[in-house]
Every structure is written in structure tokens, then in C-alpha cells.
Amino acid sequence: MLAKYLLDLSGTRALGYLVLKDAGDISEADRPHHDVRRGRLAGFQVPFTRYRREDGLPSGQVFGLAQDIHQVFWFATPGGLARFDGARFQTFTAKNGLSSHGLRCVTADCDGTVWVGSDTGIDHVDHNGALLASSADEQWQYGPVDCIFVFDNELWVGSAGGLLVRRSSQWVRVADESIRTMASVQRRDSDDHVLWLATTDGRLLVQRGEEFRAPASDDARSLGKITCLCAIGPDRLIAGGRGGLAELDSKGRATARLAHVRAGEGVSAVCRAGGDLWAGIGRTFCRLRRHDDLWEISSVVTSRNAINEIVVDTIGGIWGATDGNGIVKVSPLHEMIRPLSLARNTAVFSIRQGMDGQLLVGGDQFSSVLHPGGAADQQTLEALDHYQAWDLLQMQDGRLFAATEKGLLQLAADGQSGHFAFAGEPVVSRACRALVEHDGTLWVGGRQGLVTIDRDGRVARAATLNEETMGYVYTLVADASGTLWCGTIGNGLWRSRDGRFERVLAEHLTEQGSTYCIAVRADNVLAIAQDDRIVLRHADDDFELLARSEDPIAGWSLGWGKDPRRLWAGSASGLHAYDIVDKCRAHHITAVLGLSQWEFTTSRSLHVTDGGLVYCGLNSGLVVVDPQYLDDDMPAPVARAARIDWSNAEPVCAGDGAFELDSDRWSLRVALCCPWFLDEQDIRFRYRMVGFEEDWSELSDVPEARYSSLPLGEYRLEVQAFSRLLGFGPASRVLTMRVVDRRFGRGSLLAPLRAARRLVDAYSGLRRNRALLVSDDQLEEEIGNRTAELVRARDKLQQLNASLTEQVTTDALTGISSRRHFDVTLAEVLRESLMRRQPLSMLFIDIDHFKAFNDRYGHTRGDECLGFVARRIEANLYRSADTVSRYGGEEFAVVSPQTDESGAMALAERLRASVQQLNIRNEGAPGPGVVTVSVGVTTLPGHHRFRPETITGQKIISIADRALYDAKASGRNQCMYHAFDAAVDSSMGPSTGSKNRA
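Everything quoted here is computed from the prediction, not taken from an experiment.

How should the overall build of the chain be read in this particular structure?
When its secondary structure is counted, the chain shows 7 helices and 72 strands. Considering the chain as a whole, with its 998 residues, one finds that 54% of them fall into the buried category. A sequence separation of at least 24 residues applies to 55% of the contacts in the chain between residues at least 6 apart. As presented, the chain carries roughly 43,500 Å² of accessible surface, and 47% of it is formed by carbon and sulfur atoms.

So this is what it looks like as C-alpha cells:
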């Protein structure tokens, strides 16, 4: 069974991935689901980017695609010819001179000319889309064009009127058969190539001299009607048809076939990339790998649309033209960045080395044991199914411990059961964060401090010099010399010495700093992430600053790479690779998944294996990065001009290629592009006009440069592209221009008069300048005084505005977002979700029996209770995108974008349980005797079929409120889900109070 898991990620365009379970059937479900068999690791996912009509394609149906010598992509659609330069789409139709907008195929030759086949003939355009000639001019008489192929420096065309070749600007018919597709196969014993053809009626032909005949073997007949061809090596050809796929030799004999072919599920497209094949099989876009004499599906990209054509770009990216859903693109980085499918989609908090090469993976409500060597099995740790595993540790004697939100949990050897062994000790019976084994002793750090547990189970608090309090212990590590290092939240860095812990005071480290992670290299060099800094500590106790981040937290987690000069840092904005010799950031990885999916979680959420693989625990799941691809020669992003537009100017191109124009009023707009398809959505641009300015402009994702009315002189416009992965590309000169004054070059008879006029103007100007100099000092002083007054007034106004904004957007009682801020946030998130077709979940939370609480303890205690509950809910929202607001009274609302039904229910249960764990007494109410909450949940599906105008924020609120009402009516202290229904009447939404839900 081939189970699908599709997820749209954030970014400019829709992204997603599918997970391969087993070869065979493909699920046709369109929305996310989680019916994955427990105990099996689904394997690596293949993330992809999708370009659709919303992005600029003229049609979701794409029949053909090609990349030209300028790296630009061209797409043949029934709505016209689309051009994509990495920054924008352009569309060309019959209005631009094409013989037809109903296009069937496209290809590009070695001269940069783009050839387009349509229903009425063939056209060719230059690299900017300008028409060079049309079939009408050449009196095309061969009918619709199905394929265009460049073979032996000649252009071959398969049309309804036969097979044609272009020679001396004339079309010569070489065969009468109507051709569907072609492939050029190299001979094994020479550099010559042989042309293979598939006719529109499904027959396979091979070139024999000047003729085309059927191959000697009839093995290809078992494929039925041949639909696609692809050369994969000397005398080796892949043929796909209605009956499957086969690898053929020079005589047409099948040497390998496609495994697991379903009846009626033909192969529509195939392409080779390295040693793999990428194919469209039925409605599935997948990767194939050969095992013995079988080509087997190794992974699936998408199973939503049939694939018409597949192309590999110049840097290894895979592009598929779908039959109704635009373009699917698999980045060349898909081998470097590989999301791992766990048995449950969850945030990953910790990754630890276990025994026998296993990895212990702790997450939110789900944890497991993985085999990093590629094994397909995973062992689910059932005992942690309802806990957040911040850290997992397997000791030398085999005992397995987990640091959870509820305390220290000791697991059985198989991980299927566990117990809180030290429930009476304050540190280990509450929120635990970090574990380490040292000399057979277990050290446990958490919100309440640091303790040790010896082999006999005795618990003791860690001693400190001067009886200082360590506070919230967040991370622990032991170095090669046996020293324990302890990082705290808000209380600096500590280390053990002579049985006691002392505070580490050093340059670049602060006494009240929050130390999030400490990583030890083999030679005992430490990397310390504290606040916005990463500091290196050398063996001689010398501390030096490695990096300072623009973000408030430089890294949640650190890990030393296989190369000792490389340090990895996982932050809220991606994975960073630092070069500790050059003291610089070499790479910033946010590719493939998008920035919002690259958010690390804890100090244990990054692990580097002995083989150099980097395992990343993210809020979006588990991702594996293979750094060897970073060490290869990746092409740098190169910016260039896509178009130059002048306004109010008619520049003249000089002999040296520079533009010359008058010094009158004019404006210049240069559209920029960067066809760098490693991660084109991450590209940003900067530019400068050399001769006018020395500094570069600020980086911008707007691909455009603008200037107007520059002074007389010669200028050079330089542009530069930037990507997080590789940094800045080379500076490119895209324009040279000279601004001149041509008024004094027109007419030699008037030249003396003009010279005299210039002398008079110069003398008058000198007199005026002398008069102006007299009052210049007084004017400067007055301007200075006025400027100072304006600055003071501006600063006061900004302070007042900030204060008013905080009052409006923050609830004064609880400190979380206010109702007004909630309304604004919901509107923005809903608009984003509808635009990107991503799920959006809403949680309505109400405190149970709150009226009874107020009646028994008074309103002052009631206000305190509201604050405690609000802060607990906020503390348990791990994603920065999730927001909680006080809706009114004792009601709270949580907006969780990009969260499906199962994720929303898991979040709701976590919040409900966390509030109950506050143990706030409410003896006047039935039930557990403590304050509890009820939660109503609804989710707007990402791939819904509702009309956008029927979806409003008030409707989502109304459905979540009704779910909350049912949770109350069913006994309280529980979570209830209502499916989103666009037809639900939202006129009776929730009130700003409790609606008598005490």
C-alpha cells in the first residue's frame, strides 16, 4: 500500500510532500491523514514546490516544458506560452504574434531559440519571447505539432502530417507516420546516436539509415500503446506505455521492467536523473530505482494529477508538467534535505544516541527509536504517548529515562511502559528538561534546579558555591575532562569543580544570560549558545565570540560537525553552519521546506551522527541534512536584468554598448531576475549605481531597481542576488549609461552666444552665492534648533503611540493578546490560509465552574486564576505562529494556522491537561476539585471545496463556540471537535462573556 501524506507548507508558492509506504496501490485522498501503521518508519519524504495559476501560469494544464541556454523555463499550455525566469511568469499568446495560444509542446535549441508546437503549426521566439517567425509565414501545411526534438544539430518535428526535419530553413518530410515522441540513444561502440520514435498510434520505430523500422524484438508490444521514451545510456532506452514501463536494448529486447503495474495505470512520462528514473504513472509522479531486473517505485512526489512531461534542469532539479494542477518541481536539494516520516506527525524535542547505533527521538505526545543506517523499522515508545519528551537518555546499564513536562519518567526496557519513580522529590516530579550520565550517576535538570540520582535511587540536590541558587536548568553536558557544564534560563552558565557548581563569568557571557545549549567537541572545545551569541571556550579557559545573531536567540541547539571546523546551530529561523576558523556563518539552511517549517525546539533537537548526518528536530517534524552536498560545487545565484524600461527618455546606444540620454527629467526601471532553481523562492536582491552611490541598497525580495534624473556623468548599474544557503552571488553589471547635456551641441552658429550666456550666468551665480553665504550660518542654526524640537516631539509621539498600541493589543488583566488583537490576527491568518489553501484551526477555551470559583474565593482570586490559566496556555504553545487571546470573561481563543484536525485536537488536549496540572483549588465545583477547562475545536481544511466568500472568521468562531458548548454539556474538562461547515449560520456567534457556562 502506498500511503500518501500531503502537506502545503508556507512560502510564496504551495509546497508539499508525499510519503512512500510500500510499492503498490496509491491512496487517492486529497487531504492530510494520519492512518499510518505503527511500528513502521515510512522513510524519506520528497518535498516539492508547486506553481499554479495563482503564481502566474496561464493554465493549470501544462503539456510541455523546456529550459533554454539562459536557464529560463518555458511552459506550453492551452492558455499560451509561459516564461519563468525565477522571479516572475510572463505569458505569450496569439496577441503577441503566436499562430495559436493552444500549445502542445516546447523545446529550446543550442542557439537559445525556443520552438513551440501548437494546434496550427510551429513558432519560434527568442529568449525574451519576441516572435522570430511564424508557421503562417512559412505556409505550414502539416497540421498539429505533437513533439519537437533537437537531434544531431537539426530540428525534428512530429506532426499529424508526418516526421519533419528543418534543413536550410526549409521543412523536409522524412517519414509519413504521425509521431508522438522521440529519443536519441547513443551507440555502445561509437559516439553516434540513433533516433527512436513512438508513433501516435503507439508503435515503436528505430532509425535504420535513412529509414525508420520496427525493432528486431517485439518485447515492447507488451507495453501496449507507447506514450513516452527516454535514453538512459549506450544502447539503452526506457519505453513507457499503457501497459507499464520497460528498459530496452538496441534490438528492442526488454532487460528490465516496472514492478507492480496496476491494470489501466499507464506510464505517461519518464525522464532520467543520475541513476534514477522519474516517471508519471497513472496520476502519480514518482521516483524509480532499479533492483536486479525490476524498476521499483522508491518514493512518490504527488498522486493528484497525471504527468505530461518531465524535465531535469541544468543543476539537477526535477520539473513535472501536470494535466491539471500546474508545475511540480523537486529541488536539486531533495537529496541533501530529507524530511523523515514518523508514525505520527509531531514536533520533535530531543534526538539522542542510544545503544547499537539507534537514535532516541522524543516528541510531543509521541516518541520512538530509529535506526539511522537506513533501516525501515522504528520502535514506538508507547509509555511516552501522552507526554512531551524534552530529553531521552539510555544509561550504560540499559535503563531508559525521559525528561517530561510532568517529571522524570523511567521506562521499561522495551519502552512500552513506565513510571514516575521519584514522585516525592520537587525537581524530578515537575517539569524536567535535561539529562546526563556521569560516573554512573544520573543528573536531572529542570525548572526547579538540578539533582543527582545514584545507583541506589537516592536523590540529592546539586551543591553550589556560596549556596547560590541555579534556578531553571535548561541544558546539561559533561566534557572530556569530567567537568559538568550547566546552562540555565536567566541565570547564566555554571560548571562543576570539586563537587560543587560555580558560576562561569567570562567575556561575552553574562550573569543573567539564558544559556540554551552547550556542545563539546572531541578535543574539549565547547560551543555555548547564550542569548544572541555563540561563544567558544578553549581548553585553556579562553573564551571568544564566534557569532552574534540578529535574532534574540542565536541557537536553541548546537552540534559539532564531522569536520572539526564546522559548528551547526539550530535556531528559530533555520539551521546554521559556522566556520570557526574564519569566524563566519558559511551556510543558512531554510531551503526545500520554507522558513516557517525550520524552527528548532530545544537544546537536544540537533544531533550529528558519526557519519556526519545532521538530524534536526523541528516543530514541523524530523529532518535529516546530508552536509556532503554543501561541500560540492553548488552554483552561486547570479542576478541579471529581465527587462529595462525608460520613461520620458529615448536613450541612444553608443558603440561601446552604453546608453546615452539627456539630463532632462526621466526615470529608469530595471526588472531583475535570477534563474537559480536550487531555491528560487529564497532569492533576494540588492543593487547600486556606481558613479552615483557607493553603498549597496538594502536586500529586498522585490526584483526591481529604480532611478530617475541622475546628474551629468557616467554610471554603471550593478546587481547582486542573495540566498540564505550560499550567501551573495557575484556582482553583475546589467547596464552602463551616460547622462549628457546635448543642448549645446546643436548648431555651431549659436555656439558663441551660448558660451557668452554661460559666462553671464556664472557671474550672476557668483554674486548670488556671496549673498547667500552671509545668511548661511544663521539659517543653519535656525534649522538645527527646529530639527531638535521636531526630534523631541517625534520621540514623545512614538512613545505615546507604542504605549497606546500595547494597551490596545494587550489584555491588561492577563498580559496576553486582547480581543481586538485577536480579531486582527484572525483576519490576517484566515486570508493567508485561503490564499495558500492551508489548514487553519481554532480553539475556544472556557474555564469550568468559574462562577463558583469567584463566589467561593472572591474576584481578586478569580483575577489571579485568569492570569495563571492564560500564562499556562501561552507557555504550552510551542509554535510562534500559534497565538492565544482573551476573548472575554473567562474565555480564551487560540488561532493555530497550518494545523489540521488531529494536530488541533492534540494541541487542545495538551492545553486542557496543562491547566489541570496547575492544581488551583476549586472546592466549590464538582469533579477533580481543581480548576479545569473545556475546549471547543474546529478546523478549516487546507484543500477544501468551499467558495472563499462563504468562509469568514465569524463562521469559524461560531463553529468552535458550538463545539465548546457541547464540551460543557457533556460534562466539562474535555475537548470537543466540530467539523467546519460553510453552511452553518454564524449570526449567533459567541458573546464576550461566559454565556452562563459556569
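Continuing now.
So what exactly am I meant to see when it comes to the sheet that holds strand β36 (residues 389-394) here?
Sheet strands line up and pair through hydrogen bonds in the backbone, either parallel or antiparallel. If you walk across this open sheet you meet the 4 strands as β36-β37-β38-β39, and the pairing is antiparallel. Two strands in the sheet have a free side with no partner beyond their single neighbour: β36 and β39 (418-419). Here 2 bridges tie strand β38 (residues 407-411) to β39, and the two strands are oriented antiparallel to one another. In the strand pairing of β39, Leu411 is matched with Gly418.

Even after reading the chapter, I still don't get helix α6 (residues 901-916), so can you show me in this structure?
Residues spaced three or four apart along an α-helix point in a common direction, a consequence of the helix completing one turn every 3.6 residues. With 16 residues, α6 extends 23 Å between its outermost C-alpha atoms, agreeing within 8% with the 22 Å of an ideal straight helix rising 1.5 Å per residue. Regarding α6, the residues found buried are Ala904, Leu907, Ala908, Arg910, Leu911, Arg912, Ala913, Ser914 and Val915. On the buried face of α6, the contacting elements are β68 (840-847), α5 (859-875), β70 (891-897), β71 (933-940) and β72 (975-977).

What's the story with the nonpolar core in this structure? I'm lost.
For soluble globular proteins, nonpolar side chains are generally found buried alongside one another. Within the largest apolar cluster, 56 residues are counted, with the highest numbers of intra-cluster contacts made by Leu575, Ile589, Trp598 and Met737. With 26 residues, the next largest nonpolar core counts Leu843, Phe850, Val884 and Cys975 among its residues.

Teacher, can you tell me more about the packing of helix α4 (residues 850-857) against α5 here?
Closest axis-to-axis distance for the α4/α5 pair is 7 Å, and the angle between their directions is 135 degrees. The orientation of α4 with respect to α5, classified from their angle, is oblique. Contact with α4, carried on its side by Phe850, Phe853, Asn854 and Tyr857, involves His859, Arg861, Gly862, Cys865 and Leu866 of α5 and no other residues of that element.

Honestly, the pattern of salt bridges in this entry has me stumped. Any pointers?
Pairing is possible between side chains of opposite charge, provided their charged atoms come close. For the structure shown, the criterion picks out 53 salt bridges. With a shortest N-O distance of 3.0 Å, Arg458 and Asp454 are connected by a salt bridge. For Arg458, a relative accessible area of 53% corresponds to the exposed category. Residues Glu468 and Arg503 are paired through a salt bridge, measuring 3.3 Å at the closest nitrogen-oxygen approach. In this pair, Glu468 sits in the loop between β43 (459-461) and β44 (473-478) while Arg503 sits in strand β47 (residues 500-504), placing the two residues 35 residues apart along the sequence. Looking at Glu468, the relative accessible area reads 31%, which means it is partly exposed. The exposure class assigned to Arg503 is buried, which follows from its relative accessible area of 16%. Salt bridges here are not isolated pairs; linked through shared partners, they connect Arg495, Arg497, Glu502, Arg537 and Asp541.

I keep staring at the environment of Leu672 and nothing clicks. Help me out?
Here Leu672 is to be found in strand β62 (residues 667-673). According to the relative accessible area criterion, Leu672 is buried, its value standing at 0%. Counting along the chain gives 28 residues from Leu672 to Ile644, while the straight-line C-alpha distance between them is 9.0 Å. When residues no more than four places from it in sequence are discounted, the contact partners of Leu672 are Ala87, Arg88, Arg640, Ala641, Ala642, Phe685, Pro703, Glu704, Ala705 and Val719.

Just checking my understanding: could you explain the side chain of Asp109 for this structure?
Relative to the elements of secondary structure, Asp109 occurs in the loop between β8 (103-108) and β9 (114-118). The buried charged residue Asp109 lacks any salt bridge, with Arg166 as its nearest oppositely charged partner at 8.0 Å. A distance of 3.1 Å separates a polar atom in the side chain of Asp109 from the backbone nitrogen of Gly112. Engagement of the side chain of Asp109 in a polar contact is seen with the side chain of Trp115, the distance being 3.0 Å. Those residues in contact with Asp109 that sit more than four places away from it in its chain are Ile69, Trp115 and Val150.

Honestly, the sheet that holds strand β40 (residues 432-438) in this entry has me stumped. Any pointers?
In space, the 4 strands of this open sheet follow the order β40-β41-β42-β43, with antiparallel pairing throughout. Two strands close off the open sheet at either side, each with one partner strand: β40 and β43. Between one strand and the next, the sheet's axes are offset by a mean angle of 25 degrees, whatever the strand orientation. Here 3 bridges tie strand β42 (residues 449-453) to β43, and the two strands are oriented antiparallel to one another. Its bridge partner lying in β43, Thr452 is registered against Ala460.

Is there a simple way to explain a negative patch on the surface in this structure?
A surface patch of negative charge is lined by Asp152, Asp189, Asp191 and Asp192. Its location among the elements puts Asp189 in the loop between β16 (179-186) and β17 (193-199). For Asp189, a relative accessible area of 70% translates into the label exposed.

Before we go on, may I ask you to explain the confidence of the model for the chain in this structure?
Detailed reading of the predicted coordinates is not advisable wherever pLDDT falls low. A residue-level look at the chain finds 87% of positions with pLDDT of 70 or above and a mean pLDDT of 85. Low pLDDT (under 50) marks residues 745-750, which in the prediction has 3 contacts with non-local residues, meaning those over four places away or in another chain.

Explain α5 to me, please; I cannot follow it from the model alone.
Between the first and last C-alpha of α5 there are 24 Å, a value that for 17 residues agrees with the 24 Å anticipated at 1.5 Å per step. Every buried residue of α5 is listed here: Gly862, Cys865, Leu866, Gly867, Val869, Ala870 and Ile873. Tucked into the core, α5 has its buried residues touching β68, α4, β69 (883-888), β70, α6 and β71.

What is the right way to read the packing of aromatic side chains from this model?
Aromatic ring pairs: the centre-centre distance and the angle between the two ring planes describe each pair. Evaluated as defined, the whole model comprises 34 aromatic pairs. Measuring from centroid to centroid gives 4.3 Å for Phe84 and Phe89, while their planes differ by 10 degrees, and the two rings are stacked. Take Phe84 and Phe89: they sit in the same class, and that class is buried. Each ring, one from Trp156 and one from Phe212, has its centre 6.4 Å from the other, and the planes form 80 degrees; the classification is edge-to-face.

About the criteria used
Residues numbered from 1 in each chain as written. Predicted model: local features only at pLDDT ≥ 70, side-chain atom pairs only at ≥ 80, totals over all residues. Heavy atoms only, no water. Helix = DSSP H or I, 4+ residues; strand = E, 2+ residues; numbered from the N terminus. Buried < 20%, exposed > 50% of the residue type's maximum accessible area, 1.4 Å probe, protein only. Contact = heavy atoms within 4.5 Å. Areas by Shrake-Rupley, 256 points an atom, 1.4 Å probe, with all protein chains shown as cover. Pairing = 2+ DSSP bridges. Expected span 1.5 Å × (residues − 1). Core = buried A, V, L, I, M, F, W, Y, C linked by side-chain atoms within 4.5 Å. Axes fitted to C-alpha atoms, helices over the stretch in contact; angles between N-to-C directions. Parallel < 35°, antiparallel > 145°, perpendicular 65-115°, else oblique. Salt bridge = Lys/Arg side-chain N within 4 Å of Asp/Glu carboxyl O. Lys, Arg positive; Asp, Glu negative; His and termini not counted. Polar contact = N/O pair within 3.5 Å; in protein donor to acceptor, adjacent residues only side chain to side chain. Patch = residues over 30% accessible without salt bridge, like charges linked within 9 Å, V, L, I, M, F, W, Y side chains within 5 Å. Charge placed at Lys NZ, Arg CZ, Asp CG, Glu CD. pLDDT = per-residue confidence, 0-100. Phe/Tyr/Trp six-rings, centres within 6.5 Å; stacked < 30°, edge-to-face > 60°.

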